[in-house]
Every structure is written in C-alpha cells, then in structure tokens.
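# Summary of structural features
Okay, here's what each chain looks like letter by letter:
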Amino acid sequence: GESVGLHLPTLSVQEGDNSIINCAYSNSASDYFIWYKQESGKGPQFIIDIRSNMDKRQGQRVTVLLNKTVKHLSLQIAATQPGDSAVYFCAERIGNFNKFYFGSGTKLNVKP
Amino acid sequence: KAGVTQTPRYLIKTRGQQVTLSCSPISGHRSVSWYQQTPGQGLQFLFEYFSETQRNKGNFPGRFSGRQFSNSRSEMNVSTLELGDSALYLCASTPGGGAQETQYFGPGTRLLVL
C-alpha cells in the first residue's frame, strides 16, 4: 500500500542553524503534500504545502522541496529557534478529496 | 475565524464501552476528516465526511463509525472499546471543494481505555 516514511526519527540542531527534515513517499500519483508541526499536547499545525506541479515553495523561514523523480520531500527551516522544537510530519494526498497519508514524524530538538 | 474544535478533550473509558467524540469544523468548511494517532502507528486516516456523506474511508474495523450533520459538525463513535483504541483522535476540516485544500486540525480528544 501507500507509505510515507521519514529518514530520521530525531534531529538535533543548534539554535540559529538551518534544519532539514526529509520525507520519502511511495505513490507517484500523490498530487499534494503538506508539512505539519505538532507540539506536545496539540493537534498538527499547518506549516507549508506544495502541489505536485511545483518543485519548491517558500514561506516564512521555511522552504519545501519536492523531487518527484525520487519521490522525496524535504522541509528546510532557516535560523532554527527553540520554538521550532516539535515533531514534524509530512502528509501526502492521493486521489481526490481529503484522504492523506502521514509519515511517522521527525522530532526536532533545538539546542540553545 | 475560530479553529477546529473537538470535545471532549480527554476521556477515560473501560473495555467494552462505547464512546462518541465530536468535532466542529472551521466555519464554512464542509469536509471533516478523522484520524487516529498512536505512538506505534502514527497518524492514520479513519474517514472523511462531506455534505453528511462518508466520502473516504481508511482501514479500520466497523467498530469505528462516524456521521456528519447538516451544519457540518461531525461525530465519530467507537463501539466495544479495546485497549488498543487508546489514542489521540484528531479531526481536520477543509472547505471541501475537492481541490488541493489545506487541512486544518483540531486539538484532538485523548481517549484512554482501561
């Protein structure tokens, strides 16, 4: 079946450094991807999305890159801050409507 | 606009009981999706409702069911609870038009089955 997996379960970075969180997806039919941030005790919070007809999309301090050739998605966070510490999930949508498959998550630890 | 709200936030039940969770989507959103989040399985899609009809379904047993009302509020029900049903249940809403829409999550209901 479809699967969305993350390469690293835990990522530790120094405050001020850039962070890169990776995600592999398996379904070439996936047409829409979202990155979420989840803090302890809260629901996932939307960070940024990208459609399959794009390679890159930038937000405030975040950039998502999509490589459809190798079915890989990454989230780059610039100048990582302590408030960025959380678990990050990628999600892919397959087909129409709103059925998303989520990766297992990467925990980002930002060291002061 | 107010965000997605879920009630109750916490719930403790015993095996064999049944439970109903509620979700109110963002105003104007017509699609509500439900997910189960556990440490072992991560976030798993349960089902999606749009205009009071189930539009998508995940791979969960029939003990898990849901419905949606005309005001787009949704409920999910789990019957004959098992210990493994302990999880954070999340709902998410989108406008529902079927295009590539951002899905916004509520805070979740944490269910503990004893």
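Residues numbered from 1 in each chain as written. Chains lettered and ligands numbered in written order. Predicted model: local features only at pLDDT ≥ 70, side-chain atom pairs only at ≥ 80, totals over all residues. Heavy atoms only, no water.

## Section: the interface of chain A and chain B
As a reminder, the rule being used: The contact definition used throughout considers only heavy atoms, calling two residues in contact when any of these lie within 4.5 Å. A quick way to say it: buried area is the sum, across both parts, of accessible area lost when two parts are put together, with a 1.4 Å probe. By definition, a salt bridge exists where a carboxyl oxygen of Asp or Glu is found within 4 Å of a side-chain nitrogen of Lys or Arg. Identification of polar contacts relies on pairs of N or O atoms within 3.5 Å, with a donor-acceptor requirement for protein atoms, meaning one able to donate a hydrogen and the other able to accept it, and with residues adjacent in sequence counted only if both atoms are side-chain atoms. Numbering goes from the N terminus for both helices and strands, where a helix is a DSSP run of H or I of at least four residues and a strand is a run of E of at least two.
With 20 residues of chain A at the contact, the number on the chain B side is 25 residues. The contact between chain A and chain B buries some 1,800 Å² in all, and 50% of this surface belongs to carbon and sulfur atoms. Broken down residue by residue, the surface that chain A buries against chain B is led by Phe97(A), Asn98(A) and Lys99(A), which jointly contribute 33%. Run the count over chain A and chain B and you get zero salt bridges. Put simply, chain A and chain B have five residue pairs in polar contact (both at pLDDT 80 or more) between them. For the side of chain A that touches chain B, the elements supplying multiple residues, two or more each, are strand 4 (30-38), strand 5 (45-51), strand 9 (86-94) and strand 10 (100-102) of chain A.

## Re the sheet that holds strand 1 (residues 5-7) of chain B
Sheets are built from strands paired through backbone hydrogen bonds, the pairs being either parallel or antiparallel. Residues and elements named next belong to chain B. Heads up, the rule is: When DSSP finds at least two bridges between two strands, those strands are taken to pair. The angle between two axes is taken between their N-to-C directions and runs from 0 to 180 degrees, where each axis is a line fitted to C-alpha atoms and a helix contributes only its stretch in contact.
Pairing is antiparallel across the open sheet formed by four strands, whose spatial order is 1-3-8-7. Unpaired on one side and paired on the other, strand 1 and strand 7 (64-68) mark the two borders of the sheet. Neighbour-to-neighbour, the strand axes of this sheet turn through a mean angle of 20 degrees, independent of strand direction. Note: strand 1 against strand 3 (residues 19-24), three bridges, orientation antiparallel. Bridge assignment links Gln-6 to a residue of strand 3, and that residue is Cys-23.

## A look at the confidence of the model for chain A
Cut-off, in case you're wondering: Confidence of the prediction at every residue is given by pLDDT, a number between 0 and 100.
This prediction gives chain A a mean pLDDT of 89; 92% of its residues lie at or above 70. Ignoring residues within four places in sequence, the model shows residues 1-8 of chain A, a span with pLDDT below 50, making 33 contacts including any to other chains.

## Section: the environment of Leu112(B)
Rules: To sort residues, take the accessible area from a 1.4 Å probe on protein chains only and compare it with the maximum for the residue type: under 20% means buried, over 50% means exposed, and anything in between is partly exposed.
Turning to its location among the elements, Leu112(B) is positioned in strand 11 (residues 109-113). Among the residues examined, Leu112(B) registers a relative accessible area of 38% and is labelled partly exposed.

## Notes on the side chain of Arg63(B)
Residues and elements named next belong to chain B. Of note, Arg-63 is situated in the loop between strand 6 (53-57) and strand 7. For Arg-63, a relative accessible area of 16% corresponds to the buried category. A distance of 3.1 Å separates a polar side-chain atom of Arg-63 from the backbone oxygen of Thr-80. Once you skip the residues sitting within four places of it in the chain, Arg-63 turns out to touch Asn-77, Val-78, Ser-79, Thr-80, Leu-81, Glu-82 and Asp-85.

## Re the nonpolar core
All names here are of chain B. The cut-off we apply is this: In these notes, a set of buried Ala, Val, Leu, Ile, Met, Phe, Trp, Tyr and Cys residues joined through side-chain atoms within 4.5 Å is what counts as a nonpolar core.
Counting residues in hydrophobic clusters, the biggest one holds 21 residues, and the most contacted among them are Trp-34, Leu-46, Phe-64, Met-76 and Tyr-89. Those elements giving two or more residues to this core turn out to be strand 3, strand 4 (31-38), strand 5 (42-50), strand 8 (74-78), strand 9 (87-94) and strand 11. Dropping the residues within four chain positions of it, Tyr-89 is found in contact with Gln-6, Leu-21, Tyr-35, Gln-36, Leu-46, Phe-64, Met-76, Gly-108, Thr-109 and Leu-111.

## Some words on the state of the cysteines
Short version of the rule: Two cysteine sulfur atoms make up a disulfide if the distance between them is within 2.5 Å.
Inspection of the entire model under this criterion finds two disulfides over all chains. In this model, Cys23(A) is linked to Cys90(A) through a disulfide, with the two sulfur atoms separated by 1.8 Å. A torsion of 50 degrees about the S-S bond marks the disulfide between Cys23(A) and Cys90(A) as right-handed. Placement of Cys23(A) in strand 3 (residues 19-25) and of Cys90(A) in strand 9 is noted, with a sequence separation of 67 residues between them. We note that Cys23(A), like Cys90(A), is buried. The disulfide that involves Cys23(B) links it to Cys91(B), with 1.9 Å between the sulfurs. Torsion about the S-S bond of the Cys23(B) and Cys91(B) cystine: about 70 degrees, corresponding to right-handed handedness. With a gap of 68 residues between them, Cys23(B) in strand 3 and Cys91(B) in strand 9 connect regions that are remote in the sequence. With respect to class, Cys23(B) is no different from Cys91(B); both count as buried.

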